[in-house]
Amino acid sequence: MADKCTFCYHRVATGLLPACVEACPTQARIFGDLRSKASRLVRFTRMNRIHVLKPSLNTQPKVYYAQLDGEVR
Ligand code: SF4
């Protein structure tokens, strides 16, 4: 059974990173608060072209992707 991502609320609420962010050996995932101007996440979004999946659905997703090609979107 698959569960929907909760952004690891149980971990983040205690100051930990989401499990997948912490475990990723290539640090492919960045987690943070977009309102925190000094965060690594904000710097990354400024320096990369950021996309969401299926923007036409207007669901305002909170997971962003860098360097997607047209077929993934
Ligand atoms: S490990 Fe990652 S994908 Fe799974 S619930 Fe936590 S944040 Fe979501």
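All values reported here derive from a predicted model rather than from experimental measurement.

Visitor: Would you take a moment to explain the domain arrangement of the protein for this structure?
Guide: Examined at the domain level, the protein breaks down into domain 1 (1–29) and domain 2 (32–73). The C-alpha centroid of domain 2 is placed 17 Å from the C-alpha centroid of domain 1.

Visitor: Explain the site of the ligand here, please?
Guide: For the ligand, the full set of nearby residues is Cys5, Thr6, Phe7, Cys8, Pro18, Ala19, Cys20 and Arg29. When atoms are counted within 2 Å of each cavity's grid points, the one that captures over half of the ligand is the largest pocket. Each residue belonging to the shell around the ligand can be placed in one class, and the counts come to six nonpolar, one polar and one charged.

Visitor: Would you take a moment to explain the packing of aromatic side chains for this structure?
Guide: Two aromatic rings are characterised by how far apart their centres lie and by the angle between their planes. As enumerated under the stated definition, the model contains one aromatic pair in all. Here the aromatic rings of Phe7 and Phe31 are separated by 6.4 Å at their centres, their planes lie at 45°, and the arrangement is tilted. A residue pair is termed long-range when its members are at least 10 positions apart, and Phe7 in the segment before helix H1 (9–12) and Phe31 in the loop between helix H2 (19–23) and helix H3 (40–47) qualify at 24 residues. According to the relative accessible area criterion, Phe7 is partly exposed, its value standing at 37%.

Basis of the calculations
- In this convention, every chain numbers its residues from 1, walking through the sequence in written order.
- Where local features are concerned, this predicted model is filtered to residues with pLDDT of at least 70; where side-chain atom pairs are given and counted, the filter is 80 or more; whole-chain, interface and lining totals use all residues.
- Remark: hydrogens and water are excluded; side-chain values derive from all non-hydrogen atoms of the structure.
- In this document the domain limits rely on a domain assignment from an automatic tool or a database.
- To be near a molecule or strand, a residue needs just one of its heavy atoms within 4 Å of it.
- Cavities and pockets are found on a 1 Å grid laid over the protein atoms alone: a cavity is a set of points where a 1.4 Å probe fits but cannot escape, a pocket is an open set with protein on both sides within 12 Å along at least five of seven lines, and a lining residue has an atom within 4 Å of such a point.
- Here the criterion for a molecule occupying a pocket or cavity is that more than half of its atoms lie within 2 Å of the pocket grid points.
- Throughout, the ten residues Ala, Val, Leu, Ile, Met, Phe, Trp, Tyr, Cys and Pro are labelled nonpolar, Asp, Glu, Lys and Arg are labelled charged, and all others, Gly among them, are labelled polar.
- Pairing of aromatic rings covers Phe, Tyr and Trp, the last through its six-membered ring, and needs centres within 6.5 Å; plane angles under 30 degrees mean stacked, over 60 mean edge-to-face, and all others mean tilted.
- The helix count covers DSSP runs of H or I at least four residues long, the strand count covers runs of E at least two residues long, and both are numbered beginning at the N terminus.
- Per-residue accessibility, obtained with a 1.4 Å probe over protein chains only, is compared with the maximum for each type, and a residue is labelled buried under 20%, exposed over 50%, and partly exposed between these values.

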